[in-house]
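# Descriptive structure summary
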Amino acid sequence: DIFGELRQQLLRAPLGVGPRGRFSLAVPHIESGLLHPFDVDVRAFRSIDGRTYYLLITSERGERKALDGACASFDLSAREIEVARLICAGQTNADISRELGIAQRTVENHLRSIYAKAGVNSRTQLVSQLLGLNCPKADQSTSGRRERLQ
């Protein structure tokens with residue numbers, strides 16, 4: 001369970017009173033069961049009676065928030081968002097297929113849909129759009145080739 005994992009992380013962290021620590025923790029989403037990474041900042045305090053207490057501050061990863069916002073702006077479906085996240089993580093279609101338990105052809109179909117919604121022609125352009133890198137898009141009318149969906 002999540003609290004057991006959090007406890008194990010705390011026990012492994014070399015914290016004393018006063019210092020701060022930070023680690024990441026993957027938490028399963030309630031509805032989808034997919035793991036969502038969270039950053040955990042830890043601060044240790046000593047009470048008057050000598051006991052040590054820990055203040056835990058959790059937050060969803062900033063990159064993930066930005067990526068989720070970009071996916072929402074293109075009106076991607078839940079499955080398309082999963083595929084887009086894995087593309088941004090550098091996964092191949094075969095990797096995505098194995099990870100999500102779907103056929104490679106289905107991954108390619110999701111990519112076509114994602115490309116259309118995001119107005120891009122390639123993985124590189126998609127990552128640029130989703131991560132806000134603002135790289136120029138290729139002119140579709142003069143571009144003689146499209147990047148293969150692989």
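Overview of the structure. (Residues numbered from 1 in each chain as written. Predicted model: local features only at pLDDT ≥ 70, side-chain atom pairs only at ≥ 80, totals over all residues. Heavy atoms only, no water.)

## Observations regarding the overall build of the chain
Just so we agree on the cut-off: Put simply, DSSP marks the helices as runs of H or I at least four residues long and the strands as runs of E at least two long, and each gets a number from the N terminus on. Burial here depends on accessible area, computed with a 1.4 Å probe over protein chains only, as a share of the maximum for the residue type. Under 20% is buried, over 50% is exposed, and the range in between is partly exposed. Surface accessibility in these figures is a Shrake-Rupley result with a 1.4 Å probe; residues are shielded only by whichever protein chains are displayed.
For the chain, the helix and strand inventory stands at six helices and three strands. Relative to its full complement of 150 residues, the chain shows a buried share of 33%. Total accessible area on the chain is roughly 9,700 Å²; 52% of this is exposed by carbon and sulfur atoms.

## Points about the environment of Ala103
Tracing the sequence through the fold places Ala103 in the loop between helix H4 (93–100) and helix H5 (104–118). Considered as a pair, Ala103 and Asn93 are 10 residues apart in the sequence and their alpha carbons are 9.3 Å apart.

## Points about the packing of H4 against H5
The condition that has to hold: Lines fitted to C-alpha atoms define the axes here, with helix axes fitted over just the stretch in contact, and angles between the N-to-C directions of these axes take values from 0 to 180 degrees. Here the word oblique covers every angle except those under 35 degrees (roughly parallel), over 145 (roughly antiparallel) and from 65 to 115 (roughly perpendicular). Any two residues whose heavy atoms approach within 4.5 Å are treated as being in contact. All residues other than Ala, Val, Leu, Ile, Met, Phe, Trp, Tyr, Cys, Pro, Asp, Glu, Lys and Arg, Gly among them, are scored as polar; the first ten of these are nonpolar and the last four charged.
In the contact formed by H4 and H5, the axes pass within 8 Å of each other and the chain directions differ by 110°. Relative to H5, the element H4 is oriented roughly perpendicular. Listed contacts from H5 to Asn93, Ala94, Ile96 and Ser97 of H4 are Gln104, Val107, Glu108 and Leu111. Its residues placed into classes, the contact of H4 with H5 shows four nonpolar, three polar and one charged.

## Brief notes about the environment of Arg123
The residue Arg123 is located in helix H6 (residues 123–131) in this model. Arg123 gets classed as buried once you look at its relative accessible area, which sits at 13%.

## Details of the pattern of salt bridges
Where we set the bar: Only one rule defines a salt bridge in this text: a Lys or Arg side-chain nitrogen within 4 Å of an Asp or Glu carboxyl oxygen.
A full pass over the atoms with the stated rule returns five salt bridges. The shortest N-O distance in the salt bridge between Arg79 and Glu82 comes to 2.9 Å. Pair noted here: Arg79 and Glu82 are both in helix H3 (residues 78–88), with a separation of three residues, about one helical turn. Take Arg79: its relative accessible area is 29%, and that puts it in the partly exposed class. Here Arg105 ties to Glu108 by a salt bridge, and the two come within 2.9 Å at their closest N and O atoms. One end of the pair is Arg105 and the other is Glu108, both in helix H5 and three residues apart, which spans about a single turn.

## Re a nonpolar patch on the surface
We apply this condition: The patches reported here contain residues having more than 30% relative accessible area and no salt bridge. Joining distances are 9 Å for like charges and 5 Å for nonpolar side chains (Val, Leu, Ile, Met, Phe, Trp, Tyr).
On the surface, Phe45, Tyr53, Leu55 and Ile57 cluster together into a nonpolar patch covering about 360 Å² of accessible area. Within the secondary structure, Leu55 sits in strand E3 (residues 52–60).

Any link to function would need more than the numbers given here.
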